[in-house]
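Survey of secondary and tertiary structure
Now for the letters of each chain:
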Amino acid sequence: MNVIGSLVLGGLVGAGERVPYAWSLLLGSGPCGALTTYSTFWFESWRLVEERRLASALGNALGTVVLCVAAAASGFVLVQGVVGGTG
C-alpha cells in the first residue's frame, strides 16, 4: 500500500497547480496518508530484526524505500505526460 500511496502522491505533485491546493492537501493527507502507513512497514522490519533475520529486514526496508521513491517518480512523470507540465 505504501507504493500505491506514493504513486498517487507523485501524481498530485506532478499535476501541480492544475489540482487546487485544498484538494491536494485533502487527498495527500487523507487517502494517501492512510495508504502510506510507515508504522506498519517499520513494525515488519523490526519484527524481522528481532527474529534475527537481518538480511530480510534490510531487504524489506531498502526495498520499500526504493519502490516508494520509484512509484512517486512514476506518478509524477505519468501525470506530467498527461497534463503537459504544471505551468
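Values in this document were obtained by computation on a predicted structure and should not be read as measured data.

**Let's talk about the state of the cysteines**
In the structure shown here, the tally under the stated rule is zero disulfides. Not engaged in a disulfide, the cysteine Cys68 finds its nearest cysteine sulfur in Cys32; these two sulfurs lie 12 Å apart. Accessibility expressed as a relative area gives 5% for Cys68, which makes it buried.

**Quick notes on unusual backbone geometry**
Although it is not a glycine, Arg52 sits at a positive phi angle of roughly 60°. Structurally, Arg52 is set in the loop between α4 (38-50) and α5 (54-83). By relative accessible area, Arg52 is classed as exposed at 72%.

**Concerning the pattern of salt bridges**
Inspection of every chain in the model, using the stated rule, returns three salt bridges. With a shortest N-O distance of 2.7 Å, Glu44 and Arg47 are connected by a salt bridge. In this pair, Glu44 and Arg47 both sit in helix α4, three residues apart, roughly one turn of the helix. Glu44 sits in the partly exposed class, given a relative accessible area of 30%. When its relative accessible area of 29% is taken as the criterion, Arg47 is described as partly exposed. Arg53 is the salt-bridge partner of Glu51, the closest N and O atoms lying 3.2 Å from each other. Classification of Arg53 as partly exposed rests on a relative accessible area of 40%.

Criteria and cut-off values
- Residues numbered from 1 in each chain as written.
- Predicted model: local features only at pLDDT ≥ 70, side-chain atom pairs only at ≥ 80, totals over all residues.
- Heavy atoms only, no water.
- Disulfide = S-S within 2.5 Å.
- Buried < 20%, exposed > 50% of the residue type's maximum accessible area, 1.4 Å probe, protein only.
- Helix = DSSP H or I, 4+ residues; strand = E, 2+ residues; numbered from the N terminus.
- Salt bridge = Lys/Arg side-chain N within 4 Å of Asp/Glu carboxyl O.

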